Amino acid sequence: MNPRRILYIQHAGSLGGSTTSLLCTARALDRTRFTPVVALARPSSTVQSLYSRSGIETIDCPGLALLDHSTVAPRPLTNPRSWTILARVPVGSKRTADRTL
């Protein structure tokens, strides 16, 4: 039986908590059953190297619609810029869905 491929999306463009967490998750997979593939939404050679050193395939996928979480860049809804950012998410969602398929 061929292992099933699992696509993970890495939103970070530099090393940190999310890259480490995803690396640990991908490493823990039973490789006889699953093959991890990481789509890099913010491609960088540093992040790509982190995964490739563990034998994990990466795919550059710039332009995916991302909604950064509030711990990175707090965006209160009283700030008009927040609404602009939120409005872009549904617009990019269809393209993102198509690209990940």
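Observations concerning the confidence of the model for the chain
Summing up the model confidence of the chain, the mean pLDDT is 85 and the portion of residues at 70 or higher is 90%. Highest mean pLDDT in the chain belongs to helix α2 (residues 45–52) (97); lowest belongs to helix α3 (residues 80–100) (74).

Brief notes about the pairing of strand β2 (residues 34–40)
Summarising burial for β2: 5 of the 7 residues are buried, a large majority. For strand β1 (residues 4–10) and β2, the ladder comprises 7 bridges, and the chain directions are parallel. The partner of leucine 7 across the bridge, within β2, is valine 37. Regarding topology, helix α1 (residues 17–27) serves as the crossover connection from β1 to the parallel β2, and that connection is right-handed. For β2 and strand β3 (residues 57–60), the ladder comprises 4 bridges, and the chain directions are parallel. Paired with valine 37 across the two strands is glutamate 57, which belongs to β3. In this region the chain leaves β2, passes through α2 and returns to the parallel neighbour β3; the handedness of that crossover is right-handed.

Cut-offs and rules
- Residues numbered from 1 in each chain as written.
- Predicted model: local features only at pLDDT ≥ 70, side-chain atom pairs only at ≥ 80, totals over all residues.
- Heavy atoms only, no water.
- pLDDT = per-residue confidence, 0-100.
- Helix = DSSP H or I, 4+ residues; strand = E, 2+ residues; numbered from the N terminus.
- Buried < 20%, exposed > 50% of the residue type's maximum accessible area, 1.4 Å probe, protein only.
- Pairing = 2+ DSSP bridges.
- Right-handed = clockwise from strand over helix to strand, strands pointing away.

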